[in-house]
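Residue-level structural notes
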Amino acid sequence: VQLQASGGGSVQPGGSLRLSCAASGDIVSIKHGNWYRQAPGEQRELVAQISSGGSAEYAESVKGRFTIARDNTEKTMTLQMNNLKPEDTAVYYCNVQGITPWATRDYWGQGTLVTVSS
């Protein structure tokens, strides 16, 4: 497994979750990372991204509530989600440009389900 997403679960509105994306195997470090989500019947949307320089950008719907971070010592990328709303319910996917000894390539995690309901 090269990229493993975890941390999803069920939470009440207003609650928090922390998603984690761990790189392994050939991946030496994470260059650029994204978190996407896909709600039932909807298209996949970009939620947050972090550049190789550490700059973060967010979808308008999550600004001020979600924080993306990357730790290349641990080869992980996280998404801290606060003040969750029912409309945040979706399967969340991590996607990174992973640097290997041979090339930089795109990797996807398997998805982790986040359910926000009372």
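Everything discussed here concerns the structure shown above.
Described in the following lines is the structure provided in the data block.

The rules we used
- Residues numbered from 1 in each chain as written.
- Predicted model: local features only at pLDDT ≥ 70, side-chain atom pairs only at ≥ 80, totals over all residues.
- Heavy atoms only, no water.
- Helix = DSSP H or I, 4+ residues; strand = E, 2+ residues; numbered from the N terminus.
- Phe/Tyr/Trp six-rings, centres within 6.5 Å; stacked < 30°, edge-to-face > 60°.
- Buried < 20%, exposed > 50% of the residue type's maximum accessible area, 1.4 Å probe, protein only.
- Lys NZ or Arg CZ within 6 Å of the ring centre and 35° of its normal.
- Salt bridge = Lys/Arg side-chain N within 4 Å of Asp/Glu carboxyl O.
- Pairing = 2+ DSSP bridges.

1. Observations concerning unusual backbone geometry
- Phi angles above zero are rare outside glycine, and lysine 75 is one such case at about 55°.
- On the secondary structure map, lysine 75 appears in the loop between strand 7 (66-71) and strand 8 (76-81).

2. Thoughts on the packing of aromatic side chains
- Across all of its chains, the model carries one aromatic pair by this definition.
- The interplanar angle of 40° and the centroid separation of 5.2 Å between the aromatic rings of tyrosine 36 and tryptophan 108 together place this pair among those described as tilted. With tyrosine 36 in strand 4 (residues 29-38) and tryptophan 108 in strand 10 (residues 104-108), this pair connects stretches of sequence that are 72 residues apart.
- For tryptophan 108, a relative accessible area of 41% gives the class partly exposed.
- Its guanidinium or amino end placed over the ring of tyrosine 93, arginine 44 lies 3.9 Å from that ring's centre, counting from NZ or CZ.
- The residue whose ring lies beneath arginine 105 is tyrosine 107, and the NZ or CZ to ring-centre distance is 4.1 Å.

3. Things to note about the pattern of salt bridges
- Considering all chains together, one arrives at four salt bridges under this definition.
- Among the salt bridges present, the one from glutamate 45 reaches arginine 37, with a minimum N-O distance of 2.7 Å.
- Residue arginine 37 is classed as buried on the basis of its relative accessible area of 6%.
- In this structure, lysine 63 engages glutamate 60 in a salt bridge whose closest nitrogen and oxygen atoms are separated by 2.8 Å.

4. With respect to the pairing of strand 1 (residues 3-6)
- Where burial is concerned, the two faces of strand 1 differ: the one with Leu3 and Ala5 is buried and the one with Gln4 and Ser6 is not.
- Here strand 1 runs beside strand 3 (residues 17-23); their pairing, made up of four bridges, is antiparallel. Looking at strand 3, one finds that serine 6 is bridged to serine 20.

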